[in-house]
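Survey of secondary and tertiary structure
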Amino acid sequence: LGFVYCRAMADSAGLQFVSSYAFEAMQKVDVVRLAALSDPELRLLLPCLVRMALCAPADQSQSWAQDKKLILRLLSGVEAVNSIVALLSVDFHALEQDARKEQQLRHKAGGSNGESILVSQLQHGLTLEFEHSDPLRRLRLTLSELLAIMNKVADSNGEFFLKSSELFESPVYLEEVADVLCILQAELPSLLPIVDVAEALLHVRNGDWFLCLLVANVPDSFNEVCRGLIKNGERQDEESVGGRRRTEALRQLCQMNPSQALNIRAMVVEECHLPGLGVALTLDYKPDTADEAVSPLVSYVSGLLLGTNSKVRTWFSMFIRNGQQRKRESSSVLWQMRRQLLLELVAILPRSRSTHVPNDGDMEEEGASGYSGLREEFVVKASALLRLYCALMGIAGLRPTDEEAEQLLQLMTSRPPATPAGVRFVSLSFCKLLAFPTLVSTPEQEQLMVMWLSWMIKEEEYFESAAGVSASFGEMLLLVAMYFHSNQLSSIIELVCSTLGMKIAIKPSSLSKMKTIFTQEIFTEQVVTAHAVRVAVTNNLSANITGFLPIHCIYQLLRSRAFTKHKVSIKDWIYRQLCETTTPIHTQLIPLIDAYINSILTPASKANPEATNQPITEQEILNVFQSSQGEASRGGRQRYSITTQLLILYYILSYEENLLASTKQLALMQRKPKSYSAALMDQIPIKYLVTQAQGLQQELGGLHSALLRLLATNYPHLCLVEDWVCEEEVTGTLPLLRRMILSKINSSVLCPAFQKLPSSSPRLMRILEHLTLLSPGDLIPYAEALTASMALLLEPAVPRRILQTLNKLWMGLNTVMPRRLWVMTVNALQPSAKLLRQQRYTQNDLMVDPLIVLRCDQRVYRCPPLMDIVLHMLNGYLLASKAYLHCHLKETADFDRQNQTVSNLGVPGQPDTPEVTREELKNALLSAQDSAAVQILLEVCLPTSEEQARGKVEDAEQEGGLLSDLREVQCLICCLLHQMFIADPNIAKLVHFQGYPQALLPLTVAGIPSIHICLDFIPELLAQPQLEKQIFAIQLLSYLCTQYALPKSLSVARLAISVMGTLLTVLTRAKRFSFFMPILPCLVAFCQAFPPLYDDVAALLVQVGQVCASDVATKARDIDPLIARLQYLKEKPQGAVAPGGGSSKLSLPQRTAEELGGADPDVQLCYCVEATFMDIISIFF
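Residues numbered from 1 in each chain as written. Predicted model: local features only at pLDDT ≥ 70, side-chain atom pairs only at ≥ 80, totals over all residues. Heavy atoms only, no water.

What the chain contains, in helices and strands, is 65 helices and 0 strands. Within the chain, the proportion of its 1181 residues that are buried is 51%. Considering only intrachain contacts with a sequence separation of at least 6, the fraction spanning at least 24 residues in the chain is 75%. On the chain, roughly 54,100 Å² of surface is accessible, and the fraction owed to carbon and sulfur atoms is 53%. (Helix = DSSP H or I, 4+ residues; strand = E, 2+ residues; numbered from the N terminus. Buried < 20%, exposed > 50% of the residue type's maximum accessible area, 1.4 Å probe, protein only. Contact = heavy atoms within 4.5 Å. Areas by Shrake-Rupley, 256 points an atom, 1.4 Å probe, with all protein chains shown as cover.)

Following this line, the structure appears as structure tokens:
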């Protein structure tokens, strides 16, 4: 087949093809250009020109009439025109009918060449018949031969064959046959689709020449023919004769129409067919303006192998792999491509480069004379070539020849100029050495590589400063050295692949030689550590700076504990780098901080527990936060960016959390790293910074979520749900417009306005309304003035609107500076007697004893806007106290236990109980704090004697007293208690076991939705030995049954009635009276909520009456009639009510208060039982 293909190509090699000039003239019908063609060139285009001159045109314009005259004049002197005119004179309709009949005949005969309708029995050979035939017979002969080939192609199922056809091979008649072919296709397009004709011509000799003539005479069909040939083509064209013939034919077509070559190449890639054609078209392509940076071949092959389309990558890689398996051929497109790439590589090599390796003296001479390295204009091209060879070798499996390997190594070890492109070239060269260490095979080449690496280390700082880039190759060298020292070969492979921008399969075993060179000759671990500290930090480090930076090196050294191992301090470098950061945050900063904290708390080895890094000092931290709020609120420029402040905040919070988590291990090692002081934490605006971070979440990556996690763990009082809900910026057109035209208010005008209340109310209101338009951050300068004047708002006649506006401003400030604001507010709301003593509480005081918040001026308890603030602070400090005590216990418990263990050595049987005891004491203290706060708040809900007197007057006047300050305060307190009970149900249990005034039960049951959880522990409360607790439980249950008439309430009510019956039999006379008197009204509530309980309640009441009557039978004669009445009421309750709702048939004796008060306790109890009976009966009847 190879011989046949070479012979076929040789046959058409001597033929004249249509030039690109002639094809363009035909495309544009440029008569002037056509007239300039030579006779041989014009001869090839005669079929189209003759048809153009003879056929009636669709264009009737004057200009075309002139052009047509020129065409006729052009054709008048050509002899071959007459034969073409004769061909056009045939009856093509009859010819087409005969051709279709022959096709049907051949189809029935199974494709055999039997009887032909188009051509009768041939007397001589096909060539002689063609020579002696008239135009019609010539058409019939050619059509018959062409249809035979087309039928065979259709039946071949894609298998290539070369048809020997005398008609298409005779050099004497090629032009006449081409004329006939063109006329046939033009006149019979439905019978002979041009794509099918083009496919058939590939199977005859000189087919590419015929195909070019056919397309040149139908220039509009160029793209259609090319796409058809490509779609029907092979996936790998150089594997078969048919593929190579198809590629050559398409290549000739593109040489005829070079403007469409790139479009045809795009079709090749789109279909993933004929890869050799794509390369060949790129080799043939001659751009109008040469790109000095990258050649078309490099761009094309790089795009295929490094693009995102995996299908295209696999297809072209197979072309490379298959091409290497065949013996080297000069005609192979793959070897032409490799030769061209090698020529381009050699062309950009420095002229002084050779295989000679200079010694040290040579290097000094070169340095003195100025080494003529890689020229600046070639650096980008060299980088592109390096990446291309990496892709060819790593993705497509190219095996470089010795010549290619030698020239590649020369290019890789050349020295580029100090430009950003030069830095990139060195990085690529270094990674290519790591990816393909087999390029270094001889000792001379190894010495050359070591010298080049030494040059990289020496020139790294100069390159970074001269090139003006932050990411240089020095960091990559350090990083690779650290990976080699820690044997992280997979990390080196990832680094190489990410730098080269492609996924390459690199075996870790192939890096053994490079590892030896790095760890023993170039970079020992001590050299790496000492060099890393001296590397300058990256200015304005952000995610926009790509590449390998000093931070990557420091991070790896921290992870491998190299700094502590060699006693090198890294604290200052990390602090400087954190101070040189900006948004968007670099992804390596948070892992760096985590690794640094770990190196501070965890020693590098147990043998040397002091081998740790030093933490950042408190003064350095304070320097970062000195102007975080003040300057920002005044519109000044901050010294440190918000990114720096957030990273330092993350460092502190994470450090403290890890310190607490490591206390047990640190205690075993007898180490106690220093914790940051509470005074430092008080000066850091934590909430303000987190609020700022919330608006920068996209730019901060995972830092915002990490800060929220640390806050929720260590500062729960800064993560109150209501705070996050209230944090909404002032939005809308009008508020924003008003904020734009605001005038600045001096905080000094606030205090005089507060001092002159209530006369200055309108002026103060205007000022406060003005402040509500400011953002919370802008309110910070007014915080002290607002809080200091809060006590003045407790005076009478202060407008409610002022109080509400102040509450709104306080809540806004609470979103940015809660801790400092709370301390100022607590101190401002102290009673006037305490203010005289100038007692100032601190943040620590309030976390140790949160109840200080409630030791405020008593007038606050009847000022709802200020009470809302107090309750908010109380909730926050209760949470802060829990976190504070938890941290305190963790900080001291492990060390105390360790000390005790050491001191108890040798003491057998010593119980390890202090830890349990401390935890229990802490929980007891927290429970006592919470319950005390709840009890104080419940006490606040009780009306004072003045309010009770005022309430009686209002009732007398029939004016409702619900819209009062007391009622509003009660609602606020109930909301807080509801939250506390949900957060910790044990608080509800503890408070109700302690008990509180019965007068508050209607308020708590109706106002605290979560109080229904008391149903769970009321049985336990009923089992308590104290009568007071049992009475409280039954009273509470009566209100719960009325509020929540649930199955569970019914079962607990049955239990309570049963307990009451049991207690009746065991209580003494005095205790019986004190127990039943307050709970008899509860039985009415039980029956009202659950009517099925009537029988049990009635039986209990009768039993109580009988017991009491038996004790006083000798003292009062009317007791027996009372018992009889009770029995009657129990058996016939409807008899107690007259028909129609009249008076009772069994009326109760009327007794005065004096008689009841002076009566015997059992007598009083009997009368109360009877009254309770009547109340129950009145419910149902």
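The rest of the description comes next.
Scanning the model with the defined rule gives 29 salt bridges in all. For Glu 968, the salt bridge identified is with Arg 800, shortest N-O distance 2.6 Å. Taken together, the residues Glu 968 in helix α55 (residues 965–983) and Arg 800 in helix α48 (residues 800–814) connect sequence positions 168 residues apart. When salt bridges that share partners are traced, they join Glu 24, Lys 28, Asp 30 and Arg 33 into one network. (Salt bridge = Lys/Arg side-chain N within 4 Å of Asp/Glu carboxyl O.)

Within the secondary structure, Ser 542 sits in the loop between α30 (525–534) and α31 (550–559). Discounting residues that sit within four places of it in the chain, Ser 542 has contacts with Thr 582, Thr 583, Pro 584 and His 586.

Moving on to the packing of α48 against helix α49 (residues 818–828). Packing of α48 against α49 leaves a shortest axis separation of 8 Å and a crossing angle of 140 degrees. Here α48 is positioned oblique relative to α49, judged by the angle of their axes. Residues Trp 810, Leu 813 and Asn 814 of α48 touch α49, and the partners they reach there are Pro 818, Leu 821, Trp 822 and Thr 825. Looking at side-chain class alone, the contact of α48 with α49 contains 5 nonpolar, 2 polar and no charged residues. (Axes fitted to C-alpha atoms, helices over the stretch in contact; angles between N-to-C directions. Parallel < 35°, antiparallel > 145°, perpendicular 65-115°, else oblique. Nonpolar A, V, L, I, M, F, W, Y, C, P; charged D, E, K, R; others polar.)

Applying the stated criterion across every chain yields a total of 13 aromatic pairs. Considering the side-chain rings of Phe 1075 and Phe 1076, the 4.9 Å spacing of their centres and the 85 degrees angle between planes classify their relative orientation as edge-to-face. The same class applies to Phe 1075 as to Phe 1076, namely buried. (Phe/Tyr/Trp six-rings, centres within 6.5 Å; stacked < 30°, edge-to-face > 60°.)

Take Arg 321: it is sitting in helix α20 (residues 310–325). The exposure class assigned to Arg 321 is partly exposed, which follows from its relative accessible area of 35%. Not counting residues up to four positions away in its chain, the partners in contact with Arg 321 are Ile 395, Ala 396 and Gly 397. In terms of polar contacts, Arg 321 uses its side chain to reach the backbone carbonyl oxygen of Ile 395, at 2.9 Å. (Polar contact = N/O pair within 3.5 Å; in protein donor to acceptor, adjacent residues only side chain to side chain.)

Attention shifts here to helix α61 (residues 1069–1089). Taking 1.5 Å as the rise per residue, α61 with 21 residues should run 30 Å; its terminal C-alpha atoms sit 30 Å apart, in good agreement. Considering bend angle alone, the principal kink of α61 is centred on Leu 1080 and spans about 35 degrees; proline Pro 1081 follows within four residues of it. Listed as buried for α61 are Arg 1072, Phe 1075, Phe 1076, Ile 1079, Leu 1080, Cys 1082, Leu 1083, Val 1084, Ala 1085, Phe 1086 and Cys 1087. (Expected span 1.5 Å × (residues − 1). Bend = angle between axes of the 7 residues up to and from the residue.)

Here we take up the packing of helix α21 (residues 333–348) against helix α23 (residues 379–394). For any two helices packed against each other, one specifies the crossing angle of their axes together with the interaxial distance. At a minimum axis distance of 10 Å, the contact between α21 and α23 shows a crossing angle of 145 degrees. For the pair α21 and α23, the sense of crossing is left-handed. On the side of α21, the interface is formed by Arg 338, Leu 341, Leu 342, Glu 344, Leu 345 and Ile 348, while α23 contributes Lys 381, Ala 382, Leu 385, Leu 388, Tyr 389 and Leu 392. Here the residues of the contact of α21 with α23 sort into 9 nonpolar, no polar and 3 charged. (Left-handed = near helix turned anticlockwise from the far one by under 90°.)

This part takes up unusual backbone geometry. Cis rather than trans, the peptide bond between Thr 583 and Pro 584 has omega equal to -5 degrees. Relative to the helices and strands, Pro 584 is located in the loop between α33 (571–579) and α34 (589–601). A positive phi angle, close to 50 degrees, is found at Val 29, a residue other than glycine. When you line up the elements, Val 29 lands in the loop between α2 (20–28) and α3 (31–35). A residue is classified by how much of its surface remains accessible, and Val 29, at 31% relative accessible area, is partly exposed. A positive phi angle, near 65 degrees, is found at Asn 206, a position not held by glycine. As for its placement among the helices and strands, Asn 206 is situated in the loop between α13 (194–201) and α14 (207–217). Note on Asn 206: relative accessible area 4%, which makes it buried.

One can find Leu 689 in helix α40 (residues 686–694). Note on Leu 689: relative accessible area 0%, which makes it buried. If we ignore the near neighbours within four places in the chain, the residues touching Leu 689 are Phe 625, Ile 642, Gln 645, Leu 646, Leu 649 and Ile 684.

The next thing to look at is the confidence of the model for the chain. In this model, the chain carries an average pLDDT of 79, and 81% of its residues clear a pLDDT of 70 or more. Confidence over residues 628–637 falls short of pLDDT 50; this stretch has 19 contacts with residues more than four positions distant or in other chains. (pLDDT = per-residue confidence, 0-100.)

Counting residues in each nonpolar core, the largest one holds 378 residues, and the members touching the most others are Leu 253 and Tyr 651. For Tyr 651, the contacting residues outside a window of four places in its chain are Ile 593, Tyr 596, Ile 597, Ile 600, Pro 615, Ile 616, Ile 621 and Tyr 676. (Core = buried A, V, L, I, M, F, W, Y, C linked by side-chain atoms within 4.5 Å.)

On to helix α10 (residues 135–155). End to end, α10 covers 30 Å across 21 residues, agreeing with the expected 30 Å (1.5 Å per residue, within 8%). With 15 of 21 residues buried, α10 is to be regarded as a mostly interior element. After α10 finishes, the residue Asn 157 shows a positive phi value of roughly 55 degrees.

This paragraph deals with the side chain of Ser 789. Tracing the sequence through the fold places Ser 789 in the loop between α47 (783–788) and α48. A polar atom in the side chain of Ser 789 sits 3.2 Å from the backbone oxygen of Ala 785. Among residues more than four places away in sequence, those in contact with Ser 789 are Cys 751 and Phe 754.

Here we take up the environment of Ser 1010. Within the secondary structure, Ser 1010 is located in the loop between α57 (1001–1007) and α58 (1018–1022). Overall, the relative accessible area of 5% leaves Ser 1010 in the buried class. C-alpha of Ser 1010 to C-alpha of Cys 975: the two residues are 35 residues apart in sequence and 10.0 Å apart in space. If we ignore the near neighbours within four places in the chain, the residues touching Ser 1010 are His 978, Phe 981 and Ile 982. A distance of 2.9 Å separates a polar atom in the side chain of Ser 1010 from a polar atom in the side chain of His 978.

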